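Now for the letters of each chain:
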Amino acid sequence: MSDPRSVELFARAGAVIPGGVNSPVRAFRAVGGSPVFISRAEGCWLYGADGARYTDYIGSWGPMILGHAHPAVVHAITEAAARGTSYGAPTEGEVVLAEKITALFPSIEMLRCTSSGTEATMAAIRVARGYTGRATIVKFEGCYHGHADFLLVKAGSGAATFGVPDSAGVPEGIAKTTLTAPFNDVPALEALFAKHGDDIAAVIVEPVVGNMGCVPPAPGFLEAMIALCNKHGAVSIFDEVMTGCRLSAGGYQGIHGLNPHMTCLGKIVGGGLPLAVYGGQRAIMEKVAPLGPVYQAGTLSGNPIAVAAALATLARLDDALYTHLETIGLQLEVGLRAALEANGIEGCVQRVGSMITLFFTKGPVTNWGQASASNTGRFAIFHRELLARSEYWPPSQYEAAFLSAAHTSEIVARTVVHAGEALRAVAAS
Ligand code: KE4
């Protein structure tokens, strides 16, 4: 149960903001109760409106890999703000950031900054359509790529949470340009290409899905996707908005030496401020105005304060960070799995680096069909019991939880104890 101050704020919010929140998943609709309103955050801690402290496993849905209010990031933002908040003109920082990202992601030869991941994926798809002259795109069930009309088809994350994977308001004519296949299903993708190959402009994928819960790619799946795109002249797009700089400084592709035609980044790459990126092969990106005929623009694209936060964050993505995240990620995975077994609860724990999900279904979870079989009623109890123990877990079965540099082994050990208590309550329910 949330504190009285949060309950009061939620009631006020509901009068002037749909659902009382500026993004649906924050409303706690999937887990019940009233969301905790946050007053501030520091390191791995969130502080509620009443001052209560929580251990944060949302990390703002991924961006906060260094922890909240990192001194260097705050300093960079403060310094930048004192020089003005937005110019609407090019800056040196944007050049430095683009050079840094192209160095971290060799598949990205040129890039554009946007203000959200939605804009980045929307633009990437438009560029792919402009580059190929084709209209049809392919996405995978349960993947979420932001709320652009043509991507709200069998979408994950909040769309899946609220049972609107195919959103109202998306005209049939647009939705039908989007084909879908089960994640990890190469034969299904091959069948789509066999039938629609010359019409397919792009295939977009979360290389590790976070938006149906954490679901890794099957061995060879991503390689097969890229090969089919190459064979049929389609653009392969890695949506690394969540995995980029999360799984390694060079994202998932950097670990496995994969070379998609285009990549979208967001979240961490903006240091927690509104900055995302789309980019890829030079020949494709040279289609973007003012060089080429594909238009994309943005008043706040490459905003100097967001760029300052981005550069301060990217400068700290070193090997020691990812080693620490792997250590505490394994500790949490092993602890949660042991807690499931100790309480005799059917479930599975899936993790890639510092992205982790406890599914209330047998597992392994390899696609949306399996993820959506999870017992979301049990998840809701698990979430409520964790929150009562000051552990702030993502309020949806279809999301990943995130660790940060600020999480210590001791803090994770305490979370594991609390998870065991929460699962005991689930077993007793
Ligand atoms: P934004 O427009 O929310 O910045 O990015 C959209 C997006 C694109 N691609 C991937 C892989 C994403 O995970 C997202 C956004 N992620 C969700 C959480 N799963 C954002 C949280 C929310 O919608 O409030």
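The rules behind each value
- Residues numbered from 1 in each chain as written.
- Predicted model: local features only at pLDDT ≥ 70, side-chain atom pairs only at ≥ 80, totals over all residues.
- Heavy atoms only, no water.
- Helix = DSSP H or I, 4+ residues; strand = E, 2+ residues; numbered from the N terminus.
- Rg over C-alpha atoms; globule rule 2.2 N^0.38 Å.
- Areas by Shrake-Rupley, 256 points an atom, 1.4 Å probe, with all protein chains shown as cover.
- Phe/Tyr/Trp six-rings, centres within 6.5 Å; stacked < 30°, edge-to-face > 60°.
- Buried < 20%, exposed > 50% of the residue type's maximum accessible area, 1.4 Å probe, protein only.
- Near = heavy atom within 4 Å.
- Polar contact = N/O pair within 3.5 Å; in protein donor to acceptor, adjacent residues only side chain to side chain.
- Nonpolar A, V, L, I, M, F, W, Y, C, P; charged D, E, K, R; others polar.
- Domains from an automatic or database assignment.
- Salt bridge = Lys/Arg side-chain N within 4 Å of Asp/Glu carboxyl O.
- Pairing = 2+ DSSP bridges.
- Core = buried A, V, L, I, M, F, W, Y, C linked by side-chain atoms within 4.5 Å.
- Contact = heavy atoms within 4.5 Å.
- Expected span 1.5 Å × (residues − 1).
- Buried area = accessible area lost by both parts, 1.4 Å probe.

**Focus on the overall build of the chain**
What the chain contains, in helices and strands, is 15 helices and 14 strands. For the chain, the C-alpha radius of gyration of 21 Å lies close to 22 Å, the compact-globule estimate for 429 residues. Each of the three principal axes of the chain carries a C-alpha extent, and together these read 60 × 55 × 45 Å. Approximately 16,900 Å² of the chain is accessible, and the part contributed by carbon and sulfur atoms is 55%.

**Observations regarding the packing of aromatic side chains**
Taken as a whole, this structure holds 12 aromatic pairs when the rule is applied. Each ring, one from Y54 and one from Y392, has its centre 6.1 Å from the other, and the planes form 85°; the classification is edge-to-face. In this pair, Y54 is assigned in strand β3 (residues 53–56) and Y392 in strand β13 (residues 391–392), connecting sequence segments 338 residues apart. Pair check on accessibility: Y54 and Y392 agree, each one buried. Residues F140 and F183 carry aromatic rings whose centres are separated by 6.3 Å and whose planes lie at 80° to one another, so their mutual orientation is edge-to-face. Here F140 is found in strand β5 (residues 136–140), whereas its partner F183 is found in the loop between β6 (178–181) and α7 (186–196), with 43 residues between them in sequence. The residues F140 and F183 share a single accessibility class, namely buried.

**Observations regarding the site of the ligand**
If you check the shell around the ligand, you find 17 residues, and the closest are S23, T118, N211, D239 and E399. Take T118: an N or O atom from its side chain is 2.7 Å from an oxygen atom of the ligand. D239 is positioned with one of its side-chain polar atoms (N or O) 2.7 Å from a nitrogen atom of the ligand. Protein contacts shield 86% of the accessible area of the ligand, which totals 540 Å² for the unbound molecule. Class assignment of the residues belonging to the shell around the ligand gives a composition of five nonpolar, eight polar and four charged. Counting only domains with at least three residues in the shell around the ligand, you end up with domain 1 (4–69 + 318–428) and domain 2 (71–314).

**Here we look at the pattern of salt bridges**
A full pass over the atoms with the stated rule returns eight salt bridges. Note that E326 is salt-bridged to R351, the shortest N-O span being 2.8 Å. Residue E326 is found in helix α12 (residues 319–342), and its partner R351 is found in strand β11 (residues 348–352); the two are separated by 25 residues along the sequence. The salt bridge partner of E385 is R389, with a shortest N-O separation of 2.8 Å. Note on R389: relative accessible area 23%, which makes it partly exposed.

**A few points about the pairing of strand β1 (residues 38–42)**
Where β1 meets strand β2 (residues 45–48), four bridges bridge the pair, whose relative direction is antiparallel. Its bridge partner lying in β2, I38 is registered against G48. Connecting β1 to the antiparallel partner β2 that follows it, the hairpin turn spans two residues, and G43 within it adopts a positive phi of roughly 60°.

**Brief notes about the nonpolar core**
Among the nonpolar cores identified, the biggest contains 69 residues, and I101, L317, L332, F382 and W393 are the most heavily contacted of them. Split by domain, this core shows at least three residues from each of two domains, domain 1 (4–69 + 318–428) and domain 2 (71–314). With near-sequence residues (within four places) excluded, L332 lies in contact with Y57, I356, W393, L403, V412, T415 and V416. The next biggest cluster of nonpolar side chains, apart from the first, holds 38 residues, and it includes F193, C229, L247 and F359.

**Some points on helix α15 (residues 409–428)**
The end-to-end C-alpha distance of α15, which contains 20 residues, comes to 29 Å, matching closely the 28 Å that a straight helix rising 1.5 Å per residue would cover. Of the positions making up α15, those classed as buried are I411, V412, T415, V416, H418, A419, G420, A422, L423 and V426. Close packing links the buried residues of α15 with β2, β3, α12, β12 (355–359), α14 (376–388) and β13.

**Overview of the domain arrangement of the chain**
Along its sequence, the chain is organised into domain 1 (4–69 + 318–428) and domain 2 (71–314). The gap between the C-alpha centroids of domain 1 and domain 2 is 25 Å. On the side of domain 2, 33 residues touch domain 1, which itself brings 33 residues to the contact. Carbon and sulfur atoms supply 68% of the area buried between domain 1 and domain 2, which totals about 2,500 Å² over both sides. Contact with domain 2 buries surface across domain 1, with Y322, M355 and W368 losing the most and accounting together for 23% of the total. Linking domain 1 with domain 2 are zero salt bridges. At the level of secondary structure, the elements contributing two or more residues to the side of domain 1 that touches domain 2 comprise β11, β12 and α13 (368–371). No other element matches β12, which puts four residues into the side of domain 1 that touches domain 2.

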